[in-house]
Each structure stands twice: as C-alpha cells, then as structure tokens.
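So you can see what is in the structure, the chains are spelled out below.
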Amino acid sequence: MKLKRIIALFATVAMMATMLFGCGTPADSKTTDAPAESTGEQTTEEKEFSYPMEGNPTVEIWGSVSSVVQKTFSRHEDRPVFKKLMEDTGIELKWRYASSEENQKTEFEFMIAGGNYTDIFSCAGVDAQQYYLDGVTIKLDDVIDQYMPNFKALLEANPEIDQAIKAEDGSYYYIPLINEEVIATAGTFVRKDWLDEMGEKVPETIDEWHDLLVKVKDKYGVAPILGRAKELLEMGTFALAYCPDLSLANGYYVEDGKAIYIPATEGYRDFMRTMKQWYEEGLIYKDFASLKMADWRARMANGEGFLSNGYIGSGLVNIYNTGVAANPEFEFVAAPTASLKKGEDAKYCTGSAVVNPTAANATVITTKCENVEAAARYIDYCFSEAGMMLLNYGIEGISYNMVDGKPIYTDLILKNPQGLAVNEAKAPYMDNFAGGRGFIAKFNTTGQYSSTPNALEAVDVYSSKGEIDHTIVMLTYTAEETEEMNTYISDITKCVTNSRTKFILGTMDIENDWDDFIDELNALGLEKVLAIRQAALDRYLARQ
C-alpha cells in the first residue's frame, strides 16, 4: 500500500527524528498537562504560526549513538542533519544518552522507574496507552489538533493509518513511524562468489539448501550458517519456509481468521527440528547463541561463513563493504523463502507494514515535558516537505542534488572519498537508516543501495515468494486489554527465547519436552493473550 502522494512524501520522515531516539526533560522539570481541550477551530495566533519557534525552547530526547553514526560523530547534536533541523525549527535538541547501545534498554527502564523522563521517547505503539495510564505520557488528541497540522493532514488523507494508530477509546497516545512503501529490508544473504566457484545456484527447497550447505562445509571447512540467534531464528529463508514472519508482531499473527502465537505452532516446531538437525551436523556456527553483532559482521566479512540473515543496510551492505576491501571477488546475493517440497510454492515472506504499532518506533510525549508545544512542533516539522527532504536526503548540494525533479544522492554518499559505506556516509546528513533505529521514511530506490552489488535486488527478492498478512499489527485494544496483556507478554517472550536455544542445542528435547513447553507458555498467560487478540481481531473484522 502507498500513502497518498502529496502527504506521504513528507509524512513518514517526521516519525523518524523522534522515533529513533525518545526524548525527555531535566530531573527537576515539573509535570505539564496537555493543552486544554480543543474546540476544533484555530485561533489567529495558531493560524499565523511559522518556524522558527520563538524563544529557542529545548526538547530533550532519550537515546544512544549507534555504531554507524559513531563512524563520523559521537553526539547527535553535532550531526549536520540535526544542526539544520534545529536551525529551521528554532528548537534546541538535547539528548540524554544511554552509556551504550547494549545498555540502552536497561537504562531506559531505570529512567521510567525513577520517574525522571525525557520530554519524548520511543516505544511500541501498543504500549503507549499503558504508559499514559501509568502517568508517564500524555494523551495527544488536543496536541495534534493544536500543534501538528502536517500530521493531522496525513491522518485525514489516510484513514487506514488513522484507524491503525487510534486506540479503542478513540484517542491518540503516540505518533507512529510510517513507511511510504511496503517493502522487505531484511532476509537471507549468501556468498555469491562461493556459489559461482562451486557452479551452484540459490536453492529453492529446504532439502536443496541442506545439500548445498553440506557441500559448502566440505569445500570451505566452515559452518556455513553464521549468524546471531535473533536473526537466525526470527527471519530469513528457513524460518519463513515453516512459519509466518516472526519479526512482524513479536511472534503473533493472524491466520484463517484466528489470532495465533507462531512459536506455539507445529510449523515452528518443525523449524526447530530442522535447525537442531543442521546444528548437530555442523551446518550452523556452534556459538550462535552468544555471538555478538560486531563479531558476527567481522567473521562474515573474513570468510568464516557462507550464509547469514540480517537487514540489508546493517547486514548485507555493511559486511560487503568490509569483505570486498580485502577480497575483490567478495559478493553477496539475496535468497527468497524456501519451499518445503519441490513444486510447491513458498507460503510466507517478509515485508514492512505501512504502520506497525507492535514495533518499538512510536514517539510519545511525557508528563515531564514542560513545553508540549515545542515537542509537538518539533515532531510535526518532520512531516513537512522541508522536514521530509532533510531527514530523507540531507542537505541539497552536499548529500543530494535534484535531477529531473528527483533527489539523487551525491558521490559523497554513494562513493565516499573517506571510504565510508553508504549508510555511514549518510549518517551525518540524514536520519533514515542510520541513527539507532532502522526505519524508512521514503525508500529511495534510485540510490539507497546502488553502490553494493545485488543489494537493491534484495528488496524485491525477499518478498518475491510467499505472502504476508499485516492484519495483526492493525488491531487496537482497550486500556484494560493492553494492561492485562502487558502482565504476560514479557515472560512469554523470555520463555520462547530461552527454550528455542535449548531445543537446538539439545538440552530440551523437541519431541518429549514440546508439550511441557506449550503448557509453560499457557501457564505464563499465552491463552489469555490470544483471547484478547482474538477479541480485537473480531472487532477489526466487524469494522471492515
């Protein structure tokens, strides 16, 4: 699905700045309520508002600096994209940083528990109402009406987005990340140069994949599948051969009119069986469960693996740029979903939803924010044409030029003189893939990955076989339903994360311990969560 053209081009970007890094206020700030209830009419003062804002207000944001951004800057405040954003809006942006990317989640939880919130921060959209009920964030209905004309126009032009983000009580509690296009940006990639050396092609079935992996192991002396547990077991050609996209909604899905939890299905069990067999045969890197991202990238670039799963930008492109520097023949190619049997079509694929309330890319404004208007104006500017162009493409004449009416990245981005990868070269000037949270405002197929062989093609390959249903992320819940689900979901997820590794390593038996695994999930509340999701699904279907 594509957004309506005029608004869509700018709309998505707005989310970007705020989603990437949640934000906040100093510890001694006073709790501030949202604006008074709107009458639906703008005052003369509101009609005449224009950027930059008067008074140079400050908005504090929670976040960390990603490894990609750190290639060029250690602070977001120093990046040209945010300097320009501050200049254009008249709003001073200030980050409160986690000590590291790895510690960001834990330190964020401490911040929430301590009540010393930043002005805005990012979370999953489905959690936003709970934060409001807990007194952490404010309701945004009047904020949108009074201070966010660009975002409001987007909702009016795209009722399907409005429906997706509005809570069951009809209110707004977060500003979502919005993808202009539904595309696939993650999946399986393999060493094409190795395929060519062996005279092989990308297999089509699970059995063909097994035979090829054995050949790779014998020829190159490595465990062919090299990856971290999360990517290996939640995305890519093998997982999708057996079950729906696990990354879409934290494992929940809608199939045949029923809400399901994918890790509790027989398809997922079959996937675990295959991974266990391949692990025992030495086809999967032995320490996959403890492999860190930096080590994974280095090992893949160094030729210690044949196949991996990951995002195109942070995985395929990042590893390729390192690998090809040492070996000019180094090359990747993307692999679509495998079929279970020869002659059968693959059933599932991956692909982003236009809006995904289950992803941790929603922006909220907290009760500690002393200047709600400034926070809202900052967010809304990113939905303007100027904000969209800045955040997606950077600064004209430096990071992009207009060619035949289209923004095209310059050689500073595509052929960086310092040898930076495309996503690294983009980081100073735009806030799209770089910046800590993977997201797409507007997918620029003209230049996004054009410097890396087969990267652009991967976007189409990953969704070329099988289908995906985004219904699960469009469901809305009452405050009571959200609160009840949140008491169970974390423990359920932890149980699955721990058990899947044990199934593959053999410390849990996939045959004899499966029923106990399901019983444990239900004891942790899975049946109750599914009942709530089914009720929400029934309401959603009744509205169609």
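Reading guide: rules and limits
- Residues numbered from 1 in each chain as written.
- Predicted model: local features only at pLDDT ≥ 70, side-chain atom pairs only at ≥ 80, totals over all residues.
- Heavy atoms only, no water.
- pLDDT = per-residue confidence, 0-100.
- Contact = heavy atoms within 4.5 Å.
- Pairing = 2+ DSSP bridges.
- Helix = DSSP H or I, 4+ residues; strand = E, 2+ residues; numbered from the N terminus.
- Axes fitted to C-alpha atoms, helices over the stretch in contact; angles between N-to-C directions.
- Buried < 20%, exposed > 50% of the residue type's maximum accessible area, 1.4 Å probe, protein only.
- Patch = residues over 30% accessible without salt bridge, like charges linked within 9 Å, V, L, I, M, F, W, Y side chains within 5 Å.
- Areas by Shrake-Rupley, 256 points an atom, 1.4 Å probe, with all protein chains shown as cover.
- Salt bridge = Lys/Arg side-chain N within 4 Å of Asp/Glu carboxyl O.
- Lys, Arg positive; Asp, Glu negative; His and termini not counted.
- Charge placed at Lys NZ, Arg CZ, Asp CG, Glu CD.
- Expected span 1.5 Å × (residues − 1).

A. Focus on the confidence of the model for the protein chain. Here the protein chain averages 86 in pLDDT, and 88% of its residues register 70 or above. For the stretch residues 1-33, pLDDT sits under 50, and the model shows 155 contacts to residues farther than four places along the chain or on other chains. The low-confidence segment residues 433-441 (pLDDT under 50) makes 47 contacts with residues lying over four places distant or belonging to another chain.

B. How the structure looks around the sheet that holds strand β4 (residues 186-191). Ordered by their spatial adjacency, 3 strands build an open sheet running β7-β4-β8, and the pairing between neighbours is antiparallel. If you trace the sheet from one side to the other, it starts and ends with β7 (307-311) and β8 (332-335), each paired once. With direction set aside, neighbouring strand axes in the sheet form an average angle of 40°. As judged from the 4 bridges shared by β4 and β8, these two strands associate in the antiparallel manner. When the bridges of β8 are listed, T188 appears paired with A335. Sitting on the sheet, helix α14 (residues 293-301) is in contact with β4, β7 and β8, with an inclination near 130° to β7.

C. Spotlight on unusual backbone geometry. Residue P52 is bonded to the preceding Y51 through a cis peptide linkage, with omega at 0°. Here P52 is to be found in the loop between α2 (44-47) and β1 (58-63). With phi around 55°, N250 is a residue other than glycine that occupies positive phi space. Looking at the secondary structure, you find N250 in the loop between α12 (237-242) and β5 (252-255). The backbone of D404 shows a phi angle near 55°, a positive value even though the residue is not glycine. For D404, a relative accessible area of 77% gives the class exposed.

D. Just a negative patch on the surface, in detail. A grouping of D515, D516, D519, E520 and E527 is seen on the molecular surface, where their side chains present a negatively charged patch. Ranked by the residues each element gives to the negative patch, the list is headed by helix α23 (residues 514-523), at 4 residues. By secondary structure assignment, the location of E527 is in helix α24 (residues 526-543). For E527, a relative accessible area of 51% gives the class exposed.

E. Just α24, in detail. Between its first and last C-alpha atoms α24 spans 26 Å; for 18 residues at 1.5 Å apiece the expected length is 26 Å, and the two agree. Within the span of α24, buried status applies to L526, V529, I532, R533, Q534, A536, L537 and Y540. Elements in contact with the buried residues of α24: α8 (159-165), β5, β6 (258-261), α21 (479-486), α22 (489-505) and α23.

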